Amino acid sequence: MGPTASGKTGVAVELSQHLPVEIISVDSALVYRDMDIGTAKPDAATLAAAPHHLIDLIDPTQSYSAAQFRTDALRLMEEITARGRVPLLVGGTMLYFKALLHGLNDLPKADPALRAELEQRAQLAGWPALHAELARLDPVTAARLQPADAQRIQRALEVCLLSGRPLSALLTEEKAFVFPYYPIQLALVPSDRAELHRRIAERFDAMLAQGFVEEVDALRRRYPLTPSLPAMRCVGYRQTWQYLDGEMNFATLRDKGVFATRQLAKRQLTWLRGMEGVTEFDCLRSDLPASVLAHITAEIAGN
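Predicted, not measured: the structure shown is a model, and the values here were computed from it.

Caption draft 1: Geometry of the pairing of strand β3 (residues 86–91). Across the six residues that make up β3, a large majority, five, are buried. Both strand β1 (residues 21–26) and β3 contribute to a ladder of six bridges, which runs parallel. Its bridge partner being in β3, V26 is matched across the sheet by G91.

Structure representation (structure tokens):
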């Protein structure tokens, strides 16, 4: 686990050269087809050397949930272990890790008709109006959401209307789930936050140079996308959409993209600080892959 630009993929690929592992991606953006540059998706050479599961699953018009990830990941882990190999889960979507390790609350499934109705109401009245409605139905959830957080407001209202109970109440109920594997939890974290920020800026600049704007433009031409879709709310894609709509110039796109990525890294590190049983490694150390490999080898030998 680790924040964006911490070197997770590089370490995973190196581990795959020394251990009988199969990599499972734990990244909510890598599931989308044709979204390659802006998601920092491993290139063809990397995937040839170390194949990844749960990449390129759906079109950008579709959605993928933590519940779907958990189902897919547990199935793959069972298949991988049946082959006598070890699942290596790699990514930065901390909600997916939490769902996998601890299970999910019994929430109602998505209702396409209700979601469409909420979308239509939001187009007429605006998401702040729906946020106000959520505040009446579930003040606890509304208090932690911004009035423009369309995706989470929509889901919270959907849960309230389908179940007749607030999302906040359902989330506090106990989950009966035991993770059926022995997890070795590793986190790549920076000893110098400024250096991680430098890496983030460098990588976003490289994405722009590789044709990130052209990628988003091609996506808009190929698929019936809207800026409210989960795929287009991914970091970088939202800002590039606004740039293509003429809402900002290229320099502002670059600055906002870098800032949004830094904010993502901050949220990921906050998640990691709240997780138990995690061994941290400085992602800036020069011998990072070797040190992680040594730790895993010792951990396996001791169990």
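That shown, we press on.
Caption draft 2: Region of interest: the packing of helix α12 (residues 237–244) against helix α13 (residues 250–273). Axis separation between α12 and α13 bottoms out at 9 Å; the angle between their running directions is 165°. Classified by the angle their axes make, α12 and α13 are roughly antiparallel. Here α12 runs over α13; the crossing is right-handed. Between α12 and α13, the contacting residues are Q239, T240 and Y243 on the first element and F250, L253, K256, G257 and A260 on the second. Each residue belonging to the contact of α12 with α13 can be placed in one class, and the counts come to four nonpolar, three polar and one charged.

Caption draft 3: Local environment of the environment of Q239. By the secondary structure assignment, Q239 is in helix α12. What makes Q239 buried here is its relative accessible area of 10%. In the structure, Q239 is positioned 173 residues away from A66 in sequence and 24 Å away in space, judged by C-alpha atoms. Beyond its immediate chain neighbours, meaning those up to four positions away, Q239 contacts M248, L253, K256, G257 and A260. A polar contact is formed between the side chain of Q239 and the backbone nitrogen of G236, at a distance of 2.8 Å.

Caption draft 4: Main features of the pairing of strand β4 (residues 185–189). Counting buried positions along β4 gives five out of five residues, so the element sits mostly inside the fold. Going residue by residue along β4, you find Q185, A187 and V189 tucked away on one face and L186 and L188 tucked away on the opposite face as well. Summarising the sheet, β4 and strand β5 (residues 278–282) pair through five bridges and their orientation is parallel. Across the sheet, the residue bridging to Q185 is V278, located in β5.

Caption draft 5: Quick peek at the pattern of salt bridges. According to the stated counting rule, one finds 19 salt bridges in the structure shown. Measuring nitrogen to oxygen at the nearest pair gives 3.5 Å for the salt bridge that ties E22 to R85. Note that E22 is positioned in strand β1 and R85 in the loop between α3 (66–82) and β3, a separation of 63 residues in sequence. A relative accessible area of 14% places E22 in the buried class. Of the residues examined, R85 reaches a relative accessible area of 33% and is grouped as partly exposed. Residue D149 pairs with R152 through a salt bridge whose shortest N-O separation is 3.4 Å. One network of salt bridges, in which partners are shared, links E22, R83 and R85.

Caption draft 6: Focus on the sheet that holds strand β2 (residues 52–53). The three strands lie next to each other as β2-β1-β3, forming an open sheet whose pairing is parallel. Looking at strand neighbours, the two that pair on one side only are β2 and β3, the edges of this open sheet. With respect to the sheet, α3 is in contact with β1, β2 and β3, its orientation differing from that of β1 by roughly 180°.

What counts and what doesn't
Residues numbered from 1 in each chain as written. Predicted model: local features only at pLDDT ≥ 70, side-chain atom pairs only at ≥ 80, totals over all residues. Heavy atoms only, no water. Buried < 20%, exposed > 50% of the residue type's maximum accessible area, 1.4 Å probe, protein only. Helix = DSSP H or I, 4+ residues; strand = E, 2+ residues; numbered from the N terminus. Pairing = 2+ DSSP bridges. Axes fitted to C-alpha atoms, helices over the stretch in contact; angles between N-to-C directions. Parallel < 35°, antiparallel > 145°, perpendicular 65-115°, else oblique. Left-handed = near helix turned anticlockwise from the far one by under 90°. Contact = heavy atoms within 4.5 Å. Nonpolar A, V, L, I, M, F, W, Y, C, P; charged D, E, K, R; others polar. Polar contact = N/O pair within 3.5 Å; in protein donor to acceptor, adjacent residues only side chain to side chain. Salt bridge = Lys/Arg side-chain N within 4 Å of Asp/Glu carboxyl O.

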